[in-house]
Amino acid sequence: MPINVRQKEVVRGKVLYYLALIYPQAATLPLLQGELDIFGYAVPLEELEFHLAYLEEKGFVSVERARGPKSHREVTLAKITAKGIDYYDGRIPPDEGVYLEPRA
């Protein structure tokens, strides 16, 4: 089932929402994937990587690969940027590609 454009915008907003909650910590892709699932948006890993790349190009998140202290495996970490927080807080005009639900 193809995901529609609005759903993509909502998923990107949920990614920013979660990353803002855990700031200044970063999230691994499986953690983000699990959180999106809890929010009701089950997203395949490849699609999540697409959304993160999009948000990274917009300057809202930073994505880096790191090695664990006791592991030789690389882990991808996503972290909201200062610009991403400003966007999430409404200090930057709305972006058509990222939908944030109105907050009270």
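Heads up: these notes are all about the structure in this document. (Residues numbered from 1 in each chain as written. Predicted model: local features only at pLDDT ≥ 70, side-chain atom pairs only at ≥ 80, totals over all residues. Heavy atoms only, no water.)

### Focus on the overall build of the chain
On a plain count of helices and strands, the chain comes out with 4 helices and 3 strands. The N-to-C order of helical and strand elements in the chain reads α-β-α-α-β-β-α. Against the globule reference of 13 Å for 104 residues, the chain gives a C-alpha radius of gyration of 13 Å, in line with a compact fold. A principal-axis box enclosing the C-alpha atoms of the chain has dimensions of 40 × 35 × 25 Å. Put simply, the chain has 104 residues, and 33% of those count as buried. Pairs at least 24 apart in sequence give 51% of the contacts found in the chain among residues at least 6 apart. Split by element, the accessible area of the chain, about 6600 Å² in all, is 54% carbon and sulfur. For the chain, the centre of its 13 positive side-chain charges and the centre of its 15 negative side-chain charges are spaced 4 Å apart. (Helix = DSSP H or I, 4+ residues; strand = E, 2+ residues; numbered from the N terminus. Rg over C-alpha atoms; globule rule 2.2 N^0.38 Å. Buried < 20%, exposed > 50% of the residue type's maximum accessible area, 1.4 Å probe, protein only. Contact = heavy atoms within 4.5 Å. Areas by Shrake-Rupley, 256 points an atom, 1.4 Å probe, with all protein chains shown as cover. Lys, Arg positive; Asp, Glu negative; His and termini not counted. Charge placed at Lys NZ, Arg CZ, Asp CG, Glu CD.)

Note that every value here comes from positions in space, so none of it alone points to a role or purpose.
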